[in-house]
Amino acid sequence: MQLFKKKSYIQNKKSMIQQTLAIIKPDSVRKNYAGKILSMIDDNGFAIKAIKGIHLDTRDAKRFYSIHEGKPFFEDLVNFITSGPCIAIILEKENAIIDFRRLIGATNPKEADEGTIRKNFAESKTSNAVHGSDCEGNALYECSFFFSGQERF
Ligand code: ATP
Ligand code: MG
């Protein structure tokens with residue numbers, strides 16, 4: 001009995017249906033890359049569970065990025081994310097959080113692997129095309145930050 005429990009716990013850890021928050025950032029929306037980015041998301045097996053366009057104001061941007069408050073790039077980050085509309089999306093698949101981080105590539109597009117979204121579409125560390133949640137706790141917080149229950153499907 002105990003062994004079964006242990007085994008199923010390990011199996012759950014290995015392959016877990018997760019949700020993660022993606023943002024197609026203002027640079028990508030401005031350059032009309034949203035369709036190509038959504039197509040890469042679809043090709044990589046993610047299901048869209050919520051989606052909307054949103055133009056963050058400074059107060060909400062500071063709240064969303066509060067973990068980076070006090071860092072030298074914080075003001076640039078807030079100015080950039082509020083510079084135009086974004087597209088916020090809840091994505092779902094097995095191991096969605098790590099798999100989406102792999103698909104988006106490194107924060108600095110110069111260091112991003114071939115075939116990643118940032119390699120294809122990002123310009124710089126600030127204008128880096130997309131956001132992806134980095135852990136389960138942040139994914140839950142970030143999905144709820146953007147979407148109410150009624151907005152999810
Ligand atoms: P995101 O959270 O947007 O998915 P990330 O997880 O790859 O990006 P974080 O460390 O969470 O990177 O930083 C949040 C954002 O802050 C980055 O997307 C980037 O635009 C900016 N940023 C992070 N580090 C730097 C830096 N050293 N110089 C300039 N901007 C930075
Ligand atoms: Mg991050």
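Preceding block: the structure.
Let me begin by describing the structure that accompanies this report. (Residues numbered from 1 in each chain as written. Chains lettered and ligands numbered in written order. Predicted model: local features only at pLDDT ≥ 70, side-chain atom pairs only at ≥ 80, totals over all residues. Heavy atoms only, no water.)

Okay, the side chain of lysine 93 next. Tracing the backbone through its elements, the reader meets lysine 93 in strand 3 (residues 86-94). In terms of polar contacts, lysine 93 uses its side chain to reach the side chain of aspartate 99, at 2.4 Å. With residues up to four places along the chain from it excluded, the contact list for lysine 93 reads Met16, Ile17, Gln18, Asn44, Gly45, Phe46 and Asp99. (Helix = DSSP H or I, 4+ residues; strand = E, 2+ residues; numbered from the N terminus. Polar contact = N/O pair within 3.5 Å; in protein donor to acceptor, adjacent residues only side chain to side chain. Contact = heavy atoms within 4.5 Å.)

Time to look at the site of ligand 1. Not every one of the 13 residues close to ligand 1 is listed here, only the nearest: Lys25, Arg101, Thr107, Lys125 and Asn128. Interatomic distance of 2.6 Å between a backbone N/O atom of lysine 125 and an oxygen atom of ligand 1. With respect to ligand 1, the backbone of glycine 132 contributes an N or O atom lying 3.1 Å from an oxygen atom. When atom positions are compared with the pocket grids, ligand 1 is found to occupy the largest pocket. Class assignment of the residues belonging to the shell around ligand 1 gives a composition of 3 nonpolar, 6 polar and 4 charged. (Near = heavy atom within 4 Å. 1 Å grid on protein atoms, 1.4 Å probe; cavity = no way out; pocket = protein on both sides within 12 Å on 5 of 7 lines; lining within 4 Å. Sits in = over half its atoms within 2 Å of the grid points. Nonpolar A, V, L, I, M, F, W, Y, C, P; charged D, E, K, R; others polar.)

Mapped onto the fold, alanine 112 is located in the loop between helix 6 (96-104) and helix 7 (117-121). Each C-alpha atom, one on alanine 112 and one on phenylalanine 147, is 29 Å from the other, the two residues being 35 residues apart in sequence.

With that settled, consider unusual backbone geometry. Despite not being glycine, asparagine 95 shows a phi value in the positive range, around 50 degrees. Looking at the element boundaries, asparagine 95 is found in the loop between strand 3 and helix 6. If you check the backbone angles, alanine 129 has positive phi at about 75 degrees while not being a glycine. Note that alanine 129 resides in the loop between helix 7 and strand 4 (130-132). Owing to a relative accessible area of 0%, alanine 129 belongs among the buried residues under this scheme. (Buried < 20%, exposed > 50% of the residue type's maximum accessible area, 1.4 Å probe, protein only.)

We now examine the layout of surface pockets. The calculated volume of the largest pocket comes to roughly 600 Å³. The wall of the largest pocket is formed by 22 residues, among which Tyr65, His68, Phe73, Leu77 and His131 lie closest to the centre. At the level of secondary structure, the elements contributing two or more residues to the lining of the largest pocket comprise helix 4 (58-64), helix 5 (74-81), strand 4 and helix 8 (136-146). At 3 residues, the largest contribution of residues to the lining of the largest pocket is made by helix 8. Of the residues belonging to the lining of the largest pocket, the class tally is 6 nonpolar, 8 polar and 8 charged. (Points joined across faces, edges and corners; volume = space filled by probe spheres on them.)

In this section: the sheet that holds strand 1 (residues 17-24). The 4 strands are arranged 2-3-1-4 in an open sheet whose pairing can be described as antiparallel. In this open sheet, the two edge strands, each paired with only one partner strand, are strand 2 (47-54) and strand 4. Pairs of neighbouring strands in the sheet enclose a mean axial angle of 20 degrees, with direction left out of account. Sitting on the sheet, helix 3 (residues 34-43) is in contact with strand 1, strand 2, strand 3 and strand 4, with an inclination near 10 degrees to strand 3. (Pairing = 2+ DSSP bridges. Axes fitted to C-alpha atoms, helices over the stretch in contact; angles between N-to-C directions.)

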